[in-house]
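The residues making up each chain are set out below.
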Amino acid sequence: MPSRRNSARIRGLILAPAALLALAVTATGQDEAPRRPPEPFRVFVHATPTADAALQSTLDDALPMVRDRVGRRSKWFRLVDSAESAEITLRITHYRQAHLNSLVRGGQTESMFTCWTTGYHYVDAVALAGNARAALSGLDHRCVDEGPSLRSAAGHLAEELERFVRDNYAAVRRVRAQANEGPERGETPQ
């Protein structure tokens, strides 16, 4: 006959996995992102203000295209005019573009026969939603002849923003719930 101490240990070993399983099922059911949210999340997209005039110019060049690409994901996002009325803030921090010579010393690759010079567009941003925060990047890299574009890089950034929201769905929903408790929020017409 097992002692009381051993009986308690055996019961604990049996109940612990059952409790963990119940907790895991509950947590994943609440935090799992749906295929499409019931209503789009309000997003404020802006460029980081900077004293560097050249950098500010490039950020201002990228801003309309990023807004357009985020706005096109209308099942997930609705653009708003201010951070106060947003559930998610996307701050563009850097934009760069360049052409690179793809010559490699010591041998040639198959891609070198079709593409001697590549180009890229790269848009960096920070996404914020309540306590959730992530650095995101949108990239378009291809042969210069095919024309890498800011539009494709901004589209990639919008995809990354959607992935951020899916990964942090519970946090973004909490921000929405807190925002809905306050006064009405102003939205930009789409």
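What you are looking at is a predicted structure, and each value in this text was computed from that prediction instead of being measured.

J.: Even after reading the chapter, I still don't get the packing of aromatic side chains, so can you show me in this structure?
T.: Aromatic ring pairs: the centre-centre distance and the angle between the two ring planes describe each pair. Under the counting rule described, the total for this entry stands at 2 aromatic pairs. Consider the rings of Phe41 and Trp76, whose centres lie 6.4 Å apart with planes at 25°: the pair is stacked. Separated by 35 residues along the polypeptide, Phe41 in strand S1 (residues 41-47) and Trp76 in the loop between helix H2 (53-71) and strand S2 (77-79) bring together distant segments of the chain. Given the relative accessible area of 4%, Trp76 is considered buried. Note on Phe41 and Tyr169: the rings are 5.9 Å apart at their centroids and 80° apart in plane angle, and the pair reads as edge-to-face. With Phe41 in strand S1 and Tyr169 in helix H4 (residues 169-181), the pair connects residues that are 128 residues apart, well separated along the chain. Ring pairing ties together the aromatic residues Phe41, Trp76 and Tyr169, which thus form one cluster. Here the basic side chain of Arg96 rests over the ring of Tyr122, its NZ or CZ set 4.3 Å away from the ring centre.

J.: When you look at the packing of H2 against helix H3 (residues 150-167) in this model, what are you seeing that I'm missing?
T.: Axes are the key here: two packed helices are described by the angle between their axes and the distance separating the axes. Interaxial distance between H2 and H3 falls to 8 Å at its minimum, and their mutual angle equals 50°. With respect to each other, H2 and H3 are oriented oblique. Our pair here, H2 against H3, has a crossing hand that is right-handed. Where H2 abuts H3, its residues Asp61, Ala62, Met65, Val66, Arg69 and Val70 lie against Leu150, Arg151, Ala154, Gly155, Leu157, Ala158 and Leu161. Of the residues belonging to the contact of H2 with H3, the class tally is 9 nonpolar, 1 polar and 3 charged.

Reading the values: the criteria
- Residues numbered from 1 in each chain as written.
- Predicted model: local features only at pLDDT ≥ 70, side-chain atom pairs only at ≥ 80, totals over all residues.
- Heavy atoms only, no water.
- Phe/Tyr/Trp six-rings, centres within 6.5 Å; stacked < 30°, edge-to-face > 60°.
- Helix = DSSP H or I, 4+ residues; strand = E, 2+ residues; numbered from the N terminus.
- Buried < 20%, exposed > 50% of the residue type's maximum accessible area, 1.4 Å probe, protein only.
- Lys NZ or Arg CZ within 6 Å of the ring centre and 35° of its normal.
- Axes fitted to C-alpha atoms, helices over the stretch in contact; angles between N-to-C directions.
- Parallel < 35°, antiparallel > 145°, perpendicular 65-115°, else oblique.
- Left-handed = near helix turned anticlockwise from the far one by under 90°.
- Contact = heavy atoms within 4.5 Å.
- Nonpolar A, V, L, I, M, F, W, Y, C, P; charged D, E, K, R; others polar.

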